[in-house]
Amino acid sequence: MLTPEFPVRRNKLAITLGILVAVLLPHAAIAAPDDNCQMQISNTVIDYGKVTRAELLERQVSPTAFALGKQSMTLSATCRQPTLMTLYFRGAAGDANNFRFGNGGSFTLSLSTAQVDGRRVKLGNVNATGQQPDNMADTAVLAPGIGVVPVVDERTVKGTNFSVQVEIDTRVSGTASRVTDQTVWRGSGSFELVEN
């Protein structure tokens, strides 16, 4: 049986973990009437609730990390005129593929089930808006500094309606999970839709 290094009330360490994902784009959902696109997201806050260290130990995915689980949301953009839409996530980078979560955790964003104007499309990664995409597939990782663009037959595609499923996978390091009192962890950032 594993006991916490620093006992806290009934020998449990409680940590509250949450991720805030806000929508931000030049043409936001509260956009002026002359803006072309509006973006919406089904759930702007992912809250993992309270988790004890003992519960985290049951979710160990590597010698140094614990999984909080996967959560998902739907992101959609509606434009009055057909446009090529490039999606970015702006947040504090943990490393090349992850965003920072609290002090010692990280989360990844995976996109799938993309559609443009009701038609299934693939997703390609770009380093800059307007660039020819690479890694075209049914799923894509939205990494720090990397954008995602819809593609059909290996070409970018314009449209008026774009939707995609976003899966958030959050992990906490073993070292960072050792807390002496209830601790709130947060990760945040914003989606940005660039039209071109």
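As a reminder, the structure under discussion sits directly above these lines.
Note that the structure is a prediction, hence the values are computed from the model and not measured. (Residues numbered from 1 in each chain as written. Predicted model: local features only at pLDDT ≥ 70, side-chain atom pairs only at ≥ 80, totals over all residues. Heavy atoms only, no water.)

### Some points on the overall build of the protein
Inference 1: The number of helices and strands found in the protein is one helix and 16 strands.
Inference 2: Among the 196 residues that make up the protein, the fraction classed as buried is 43%.
Inference 3: By sequence separation, contacts in the protein at least 24 residues apart represent 75% of the contacts at least 6 residues apart.
Inference 4: Accessible surface computed for the protein: about 10200 Å², of which carbon and sulfur atoms make up 47%. (Helix = DSSP H or I, 4+ residues; strand = E, 2+ residues; numbered from the N terminus. Buried < 20%, exposed > 50% of the residue type's maximum accessible area, 1.4 Å probe, protein only. Contact = heavy atoms within 4.5 Å. Areas by Shrake-Rupley, 256 points an atom, 1.4 Å probe, with all protein chains shown as cover.)

### What about the pattern of salt bridges?
Inference 1: Counted by the stated rule, this structure contains three salt bridges.
Inference 2: Note that Arg90 is salt-bridged to Glu192, the shortest N-O span being 2.6 Å. Highlighted residues: Arg90 in strand 6 (residues 85–91) and Glu192 in strand 16 (residues 183–195), separated in sequence by 102 residues.
Inference 3: We classify Arg90 as partly exposed; its relative accessible area is 37%.
Inference 4: A salt bridge links Asp169 to Arg171; the nearest nitrogen and oxygen atoms lie 3.6 Å apart.
Inference 5: Judged by relative accessible area, Asp169 falls into the buried class, the value being 12%.
Inference 6: Judged by its relative accessible area of 34%, Arg171 falls in the partly exposed class. (Salt bridge = Lys/Arg side-chain N within 4 Å of Asp/Glu carboxyl O.)

### Some remarks on the side chain of Thr160
Inference 1: Here Thr160 lies in strand 15 (residues 159–173).
Inference 2: Here the side chain of Thr160 touches Asn161 through a polar contact of 3.4 Å, side chain to side chain.
Inference 3: Aside from chain neighbours lying at most four places away, what touches Thr160 is Ala77, Thr78, Cys79, Arg80, Gln81, Pro82, Met85 and Asp117. (Polar contact = N/O pair within 3.5 Å; in protein donor to acceptor, adjacent residues only side chain to side chain.)

### A short note on the packing of aromatic side chains
Inference 1: Tallied over the entire structure, the rule returns four aromatic pairs.
Inference 2: Aromatic pair Phe89 and Phe99: ring centres 4.9 Å apart, planes at 75°, arrangement edge-to-face. In this pair, Phe89 is assigned in strand 6 and Phe99 in strand 7 (residues 99–101), connecting sequence segments 10 residues apart.
Inference 3: Residue classification places Phe99 among the buried positions, given a relative accessible area of 0%.
Inference 4: Judged by centre distance (6.1 Å) and plane angle (85°), the rings of Phe89 and Phe107 are edge-to-face. Here the residue Phe89 occupies a position in strand 6, and Phe107 occupies one in strand 8 (residues 105–116), the gap between them amounting to 18 residues.
Inference 5: An aromatic cluster is built from Phe89, Phe99, Phe107 and Phe191, whose rings are joined through pairwise contacts.
Inference 6: The ring of Tyr88 has Arg90 lying over it, and the distance from NZ or CZ to the ring centre is 4.3 Å. (Phe/Tyr/Trp six-rings, centres within 6.5 Å; stacked < 30°, edge-to-face > 60°. Lys NZ or Arg CZ within 6 Å of the ring centre and 35° of its normal.)

### Focus on the state of the cysteines
Inference 1: Evaluated as defined, the whole model comprises one disulfide.
Inference 2: Here Cys37 pairs with Cys79 through a disulfide, and the sulfurs are 1.9 Å apart. Handedness of the Cys37-Cys79 disulfide follows from its S-S torsion of about 105°: it is right-handed. One end of the pair, Cys37, is in strand 2 (residues 37–41); the other, Cys79, is in strand 5 (residues 65–83), and 42 residues separate them in sequence. Like Cys79, Cys37 is buried. (Disulfide = S-S within 2.5 Å.)

Nothing here speaks to function; it is geometry throughout.
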